[in-house]
Amino acid sequence: DILSRMAREIRAARADIVHGNVYSAWVAEERIDRTRILDPRDLLYDTVCHQAIFASRRVFETTGGFDMRYAICADRDWLLRAVLKHGFRLAYTDLAVCVFDGGGLSSNERNKQRKRWENWLLNVRYFPLRSVGFFMRKAVVKLTTETTP
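Notes on the structure in this doc start here. (Residues numbered from 1 in each chain as written. Predicted model: local features only at pLDDT ≥ 70, side-chain atom pairs only at ≥ 80, totals over all residues. Heavy atoms only, no water.)

### Overview of the overall build of the protein
And step 1. Along its length, the protein carries five helices and four strands.
And step 2. Secondary structure elements in the protein, listed N-terminal to C-terminal, are α-β-β-β-α-α-β-α-α.
And step 3. Across the 149 residues in the protein, those meeting the buried criterion constitute 32%.
And step 4. Long-range contacts, defined as pairs at least 24 residues apart, comprise 73% of the intrachain contacts of the protein with a sequence gap of at least 6.
And step 5. Total accessible area computed for the protein in this model is approximately 9800 Å², and 55% of it derives from carbon and sulfur atoms. (Helix = DSSP H or I, 4+ residues; strand = E, 2+ residues; numbered from the N terminus. Buried < 20%, exposed > 50% of the residue type's maximum accessible area, 1.4 Å probe, protein only. Contact = heavy atoms within 4.5 Å. Areas by Shrake-Rupley, 256 points an atom, 1.4 Å probe, with all protein chains shown as cover.)

Shown next, in the form of structure tokens:
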């Protein structure tokens, strides 16, 4: 069973947080989504589906719970805090550890703008210098590709 396999993976990885793959059942063609975060800096551009994360009790005791100021991205904030602020080691295993059915709060069309805003706030908080450069590049590309009347 998956919990026994993950327990072995956690011991073998000697990591505080281990994440696996997600079986996406909500898309037209069911698939396995693999998000491999191999370096903490990868978390600027990508995150791990919270259903696919296994963490030791020590991580929760040190990091605390979810910050509900981030109604949609509280899981991303928690992961960033654990890895970047507290230095917990993140490891990946190539196992499908959960089924994701979609249709949650972050997939709601009305909440997509809030999700972008919360992600921007988290990027500025945890990656201040990289965020400025990232958003400046986006602005320059937008300005240079817009046609003028």
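### Topic: helix α3 (residues 74–85)
And step 1. Taking 1.5 Å as the rise per residue, α3 with twelve residues should run 16 Å; its terminal C-alpha atoms sit 15 Å apart, in good agreement.
And step 2. Along α3, the residues classified as buried are Ala 74, Arg 76, Asp 77, Trp 78, Leu 79, Leu 80, Arg 81, Ala 82 and Val 83.
And step 3. Here the buried face of α3 lies against β1 (17–24), β3 (53–55), α2 (57–63), β4 (90–100) and α4 (112–126).
And step 4. Phi for Gly 87, located one or two positions after α3, is positive at around 75°. (Expected span 1.5 Å × (residues − 1).)

### Some remarks on the nonpolar core
And step 1. Counting 30 residues, the largest nonpolar core has Ile 17, Leu 43 and Leu 79 as the members making the most contacts within it.
And step 2. Contributing elements (two or more residues each) for this core: β1, α3, β4 and α4.
And step 3. Tallying contributions element by element places α3 first for this core, with six residues.
And step 4. Beyond its immediate sequence surroundings of up to four residues, Leu 79 is in contact with Ile 17, Leu 43, Thr 47, Val 48, Ile 53 and Leu 90. (Core = buried A, V, L, I, M, F, W, Y, C linked by side-chain atoms within 4.5 Å.)

### Focus: the pattern of salt bridges
And step 1. Summed over the entire model, instances satisfying the criterion amount to six salt bridges.
And step 2. Note that Asp 77 is salt-bridged to Arg 125, the shortest N-O span being 3.3 Å. Linking Asp 77 in helix α3 with Arg 125 in helix α4, this pair joins segments that are 48 residues apart in sequence.
And step 3. For Arg 125, a relative accessible area of 39% puts it in the partly exposed group. (Salt bridge = Lys/Arg side-chain N within 4 Å of Asp/Glu carboxyl O.)

### Describing the environment of Leu 122
And step 1. Its location among the elements puts Leu 122 in helix α4.
And step 2. The buried category is assigned to Leu 122, whose relative accessible area is 0%.
And step 3. For Leu 122 and Asp 77, which are 45 residues apart along the polypeptide, the C-alpha to C-alpha distance reads 6.6 Å.
And step 4. For Leu 122, the contacting residues outside a window of four places in its chain are Tyr 70, Cys 73, Arg 76, Asp 77, Leu 80 and Phe 127.

### Considering the packing of aromatic side chains
And step 1. Counted under the stated rule, the structure contains three aromatic pairs.
And step 2. Ring centres of Trp 117 and Trp 120 lie 5.2 Å apart, and the angle between their planes is 20°; on these two criteria the pair is classed as stacked. Of this pair, Trp 117 and Trp 120 both sit in helix α4, three residues apart, which is roughly one turn of that helix.
And step 3. Note on Trp 117: relative accessible area 48%, which makes it partly exposed.
And step 4. What makes Trp 120 partly exposed here is its relative accessible area of 32%.
And step 5. Here the aromatic residues Phe 60, Phe 66 and Trp 78 are joined through ring pairs into a cluster of three or more. (Phe/Tyr/Trp six-rings, centres within 6.5 Å; stacked < 30°, edge-to-face > 60°.)

### Re a nonpolar patch on the surface
And step 1. On the surface, a cluster of nonpolar side chains totalling about 330 Å² of accessible area is made up of Phe 60, Phe 66 and Met 68.
And step 2. Tracing the backbone shows Met 68 in the loop between α2 and α3. (Patch = residues over 30% accessible without salt bridge, like charges linked within 9 Å, V, L, I, M, F, W, Y side chains within 5 Å.)

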